[in-house]
Amino acid sequence: DRKSDGKGKSVNHGRRRIIKKKINIAPPVRFPRPEFPHANSNAWLNCDTDPPIWDGVRVHVLKHPDIKIGDEVRLKWQGTLGFGGNQPIPETTEVFVDYWSAAHEAQGYYECVVPYVPYVKPMKDEAGAYAEFTVWRNKTRIGSSSIRYIKIDRRKSHSLPLLCGPGGDAPD
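Keep in mind that what you see is a predicted model, and the values were worked out from it rather than measured.

**Describing the overall build of the protein**
Thought 1: Along its length, the protein carries two helices and eleven strands.
Thought 2: Seen in sequence order, the protein has helices and strands lined up from the N terminus as β-β-β-β-β-β-β-α-β-α-β-β-β.
Thought 3: Across the 172 residues that make up the protein, the buried fraction comes to 34%.
Thought 4: Across the protein, contacts joining residues at least 24 apart in sequence account for 64% of those joining residues at least 6 apart.

What follows is the structure, given as structure tokens:
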């Protein structure tokens, strides 16, 4: 309730409400970049990739001491018409969400399989993609990785416009 202080100013002598908040002051963790385990030694996914890219592109988030069972892993995928993130393709943008499990802990990584359609098929001739991830625990961001780039080329022939895909080699 308000009372005058005798000088014409109002003073509030009411109850004060104390609000307690939990604040995370730990700096965010910088996780290692995700891995593309089936890329060749030059960081390419192409017609010779095994398993074939039309079976999905595998992306691994490696085990880390700051990732705990039950943590949410958000893996962002972005396809591009060029290398190194150049010319992103909007319809290939996706965030895949999963939770770190005892199975992931035991195998040493979480595997996200990015579906060929619609996220990989648009990358045809010397194109690319990138992946990065963020880890969340109890609605708090624990940390994130840097971006890992990959080159993708489905061109089978330079003389003929043939692209590899699930139905064999054909024009797109």
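**Considerations on the pattern of salt bridges**
Thought 1: One pass over the full model with this rule turns up seven salt bridges.
Thought 2: A salt bridge links Arg137 to Asp71; the shortest N-O distance between them is 2.7 Å. Placement of Arg137 in strand 9 (residues 127-137) and of Asp71 in the loop between strand 5 (57-62) and strand 6 (72-80) is noted, with a sequence separation of 66 residues between them.
Thought 3: Exposure remark for Asp71: the relative accessible area of 2% places this residue in the buried category.
Thought 4: Salt-bridge contacts for Arg155 lead to Asp153; the nearest nitrogen and oxygen are separated by 3.2 Å.
Thought 5: The structure contains a network of salt bridges with shared partners spanning Asp125, Glu126, Asp153 and Arg155.

**Points about the state of the cysteines**
Thought 1: Inspection of every chain in the model, using the stated rule, returns one disulfide.
Thought 2: At a sulfur-sulfur separation of 2.1 Å, the disulfide partner of Cys47 is Cys164. Residues Cys47 and Cys164 are joined through a disulfide that is left-handed, its torsion about the S-S bond being -90°. In this pair, Cys47 is assigned in the loop between strand 4 (44-46) and strand 5 and Cys164 in the segment after strand 11 (148-153), connecting sequence segments 117 residues apart. There is no split in this pair, since Cys47 and Cys164 are both buried.

**Some points on the packing of aromatic side chains**
Thought 1: Going through the model one piece at a time under the given rule, you end up with five aromatic pairs.
Thought 2: Each ring, one from Phe96 and one from Tyr119, has its centre 5.5 Å from the other, and the planes form 80°; the classification is edge-to-face. Residue Phe96 is located in strand 7 (residues 94-99), and its partner Tyr119 is located in helix 2 (residues 116-119); the two are separated by 23 residues in the primary sequence.
Thought 3: Pairing Tyr130 with Tyr149 gives two aromatic rings, centres 5.8 Å apart and planes at 65°, and the pair type is edge-to-face. Note that Tyr130 is positioned in strand 9 and Tyr149 in strand 11, a separation of 19 residues in sequence.
Thought 4: With a relative accessible area of 12%, Tyr130 lands in the buried category.
Thought 5: Geometry around Trp136 places Arg74 over its ring, the cationic atom sitting 4.2 Å from the centre.

**Focus on the nonpolar core**
Thought 1: If you look at the biggest cluster of nonpolar residues, it comprises 30 residues, and the most contacted ones within it are Val57, Val59, Val61, Trp77, Val114, Phe133 and Ile152.
Thought 2: Considering every element that reaches this core, the biggest residue donor is strand 9, with five residues.

**What about the pairing of strand 8 (residues 109-114)?**
Consecutive side chains along a regular strand alternate between the two faces of the sheet.
Thought 1: Burial along strand 8 is one-sided: Tyr110, Cys112 and Val114 are buried, while Tyr109, Glu111 and Val113, pointing the other way, are not.
Thought 2: Relative to strand 8, strand 5 runs antiparallel, the two sharing six bridges. By the bridge assignment, Leu62 is partnered in strand 8 with Tyr109.

Calculation rules
- Residues numbered from 1 in each chain as written.
- Predicted model: local features only at pLDDT ≥ 70, side-chain atom pairs only at ≥ 80, totals over all residues.
- Heavy atoms only, no water.
- Helix = DSSP H or I, 4+ residues; strand = E, 2+ residues; numbered from the N terminus.
- Buried < 20%, exposed > 50% of the residue type's maximum accessible area, 1.4 Å probe, protein only.
- Contact = heavy atoms within 4.5 Å.
- Salt bridge = Lys/Arg side-chain N within 4 Å of Asp/Glu carboxyl O.
- Disulfide = S-S within 2.5 Å.
- Phe/Tyr/Trp six-rings, centres within 6.5 Å; stacked < 30°, edge-to-face > 60°.
- Lys NZ or Arg CZ within 6 Å of the ring centre and 35° of its normal.
- Core = buried A, V, L, I, M, F, W, Y, C linked by side-chain atoms within 4.5 Å.
- Pairing = 2+ DSSP bridges.

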